[in-house]
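Now for the letters of each chain:
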Amino acid sequence: RFIFLGLFNGWPVLLAPCAAAVAGDARQTQVLGLIMACGSGTQLVGPGIGGWTYGLVPGYPAMLPSSIGCILAVATIAVFLRAGDA
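My aim in this report is to walk through the structure given alongside it, one point at a time.

The subject of this paragraph is the overall build of the protein chain. Counting its regular elements, the protein chain contains 4 helices and 0 strands. Put simply, the protein chain runs from its N terminus to its C terminus through helices and strands in the order α-α-α-α. Residues classed as buried in the protein chain amount to 7% of the 86 residues present. By element, 73% of the accessible surface of the protein chain is carried by carbon and sulfur atoms, the whole surface being about 7200 Å².

Here it is in structure tokens:
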């Protein structure tokens, strides 16, 4: 189980090249720090929000937490697309 979970995880391998492509070699460490900080904040807050909102819609208990995640994903994509236009 542990072999397969780590074997197909490309996140550690792709993180540094993607950060260099986004910000260049000079700011790669700043981007890596921002990615780690945002990821940690999301992992800290996300389960609490999911647990708090789970079951608020009785017929579809997971609809609200899933909708929050979808809205955040669409908003993030929109911000990146808009930043690419500028």
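One number sums up the size of the largest pocket: a volume of about 360 Å³. Around the largest pocket, the lining comprises 14 residues; the ones closest to its centre are Leu34, Ile35, Cys38, Thr76 and Phe80. Going through the elements one at a time, helix H2 (11-23), helix H3 (28-53) and helix H4 (63-85) are the ones with two or more residues in the lining of the largest pocket. The element contributing the most residues to the lining of the largest pocket is H3, with 6 residues. Split by residue class, the lining of the largest pocket holds 9 nonpolar, 4 polar and 1 charged.

The subject of this paragraph is H2. Here H2 spans 18 Å end to end across 13 residues, near enough to the 18 Å set by a 1.5 Å rise per residue. All of the buried residues in H2 are Leu15, Ala19 and Ala20. Elements that come into contact with the buried residues of H2 comprise H3. One or two positions beyond H2, positive phi appears at Gly24, with a value near 85 degrees.

Let's shift gears to H3. Compared with an ideal rise of 1.5 Å per residue, which puts 26 residues at 38 Å, H3 spans 36 Å between its outermost C-alpha atoms and is within 8% of the ideal. Looking at H3, one finds that the buried residues are Gln28, Val31 and Thr53.

Below, the discussion takes up the packing of H2 against H3. Where H2 contacts H3, the two axes come as close as 8 Å, and the packing angle between them is 125 degrees. By the angle between their axes, H2 is oblique relative to H3. For the pair H2 and H3, the sense of crossing is right-handed. Side by side, H2 and H3 meet where Trp11, Leu15, Ala16, Ala19, Ala20 and Ala23 of the first sit next to Gln28, Val31, Leu32, Ile35 and Met36 of the second. Tallied by class, residues from the contact of H2 with H3 come to 10 nonpolar, 1 polar and no charged.

Parameters and conventions
Residues numbered from 1 in each chain as written. Predicted model: local features only at pLDDT ≥ 70, side-chain atom pairs only at ≥ 80, totals over all residues. Heavy atoms only, no water. Helix = DSSP H or I, 4+ residues; strand = E, 2+ residues; numbered from the N terminus. Buried < 20%, exposed > 50% of the residue type's maximum accessible area, 1.4 Å probe, protein only. Areas by Shrake-Rupley, 256 points an atom, 1.4 Å probe, with all protein chains shown as cover. 1 Å grid on protein atoms, 1.4 Å probe; cavity = no way out; pocket = protein on both sides within 12 Å on 5 of 7 lines; lining within 4 Å. Points joined across faces, edges and corners; volume = space filled by probe spheres on them. Nonpolar A, V, L, I, M, F, W, Y, C, P; charged D, E, K, R; others polar. Expected span 1.5 Å × (residues − 1). Contact = heavy atoms within 4.5 Å. Axes fitted to C-alpha atoms, helices over the stretch in contact; angles between N-to-C directions. Parallel < 35°, antiparallel > 145°, perpendicular 65-115°, else oblique. Left-handed = near helix turned anticlockwise from the far one by under 90°.

Remember, this is a structural readout, not a statement about activity or role.
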